[in-house]
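Structural features, examined
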Amino acid sequence: MYRASDRVDNAAWIDRIDDACAALDLDAEARSTATDLFLSRAPDDEQGKRVVAAASLYAAALIRGQERSQSAVADAMDVSRLSVQQRWKPILEDAGFTPPTW
């Protein structure tokens, strides 16, 4: 859970998620889910926020049935694919979903 002030404090990161969603042609539901996942786990450090935002976006795309590749999400968020790969499963699990086993 997050506070309303978290949305204000992380407005720049929410804008980056929105831009990446547009670049990846994800709909408003995926965008909203990615934002919620990010705000629920946003760390204090800026570099950590970049990775959590990317992993949250990847997880949101899976949740909403709009799967995109880890590489595409990583490119859209300017992180490494490995960063997304290492962080998306815990985000999905924390949201109450069971990650796929592929």
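The paragraphs below set out a description of the structure included in this document.

The rules we used
- Residues numbered from 1 in each chain as written.
- Predicted model: local features only at pLDDT ≥ 70, side-chain atom pairs only at ≥ 80, totals over all residues.
- Heavy atoms only, no water.
- Salt bridge = Lys/Arg side-chain N within 4 Å of Asp/Glu carboxyl O.
- Buried < 20%, exposed > 50% of the residue type's maximum accessible area, 1.4 Å probe, protein only.
- Helix = DSSP H or I, 4+ residues; strand = E, 2+ residues; numbered from the N terminus.
- Core = buried A, V, L, I, M, F, W, Y, C linked by side-chain atoms within 4.5 Å.
- Expected span 1.5 Å × (residues − 1).
- Axes fitted to C-alpha atoms, helices over the stretch in contact; angles between N-to-C directions.
- Left-handed = near helix turned anticlockwise from the far one by under 90°.
- Contact = heavy atoms within 4.5 Å.
- Nonpolar A, V, L, I, M, F, W, Y, C, P; charged D, E, K, R; others polar.

In this section: the pattern of salt bridges. Going through the model one piece at a time under the given rule, you end up with 5 salt bridges. When the shortest N-O distance is used, the salt bridge between R3 and D6 registers 3.1 Å. The exposure class of D6 is buried, given its relative accessible area of 14%. R50 is the partner of D78 in a salt bridge, and the nearest nitrogen-oxygen pair spans 3.8 Å. On the criterion of sequence distance, the pair formed by D78 in the loop between α5 (70-77) and α6 (81-94) and R50 in helix α4 (residues 46-63) is long-range, its members being 28 residues apart.

What follows deals with the nonpolar core. Ranked by size, the top nonpolar core spans 30 residues in total, and within it I17, L26, F38, L57 and M77 carry the most contacts. At 10 residues, α4 tops the list of elements feeding residues into this core.

The end-to-end C-alpha distance of α4, which contains 18 residues, comes to 25 Å, matching closely the 26 Å that a straight helix rising 1.5 Å per residue would cover. Within α4, 15 of the 18 residues are buried, which leaves it mostly tucked inside the rest of the structure.

Okay, the packing of helix α2 (residues 11-23) against α4 next. With their axes 10 Å apart at the nearest point, α2 and α4 run at an angle of 35° to one another. In the crossing of α2 with α4, the sense of the turn from one axis to the other is right-handed. Of the residues in α4, those in contact with W13, R16, I17, A20 and C21 of α2 are E46, K49, R50, A53 and L57. Here the residues of the contact of α2 with α4 are counted per class, giving 6 nonpolar, no polar and 4 charged.

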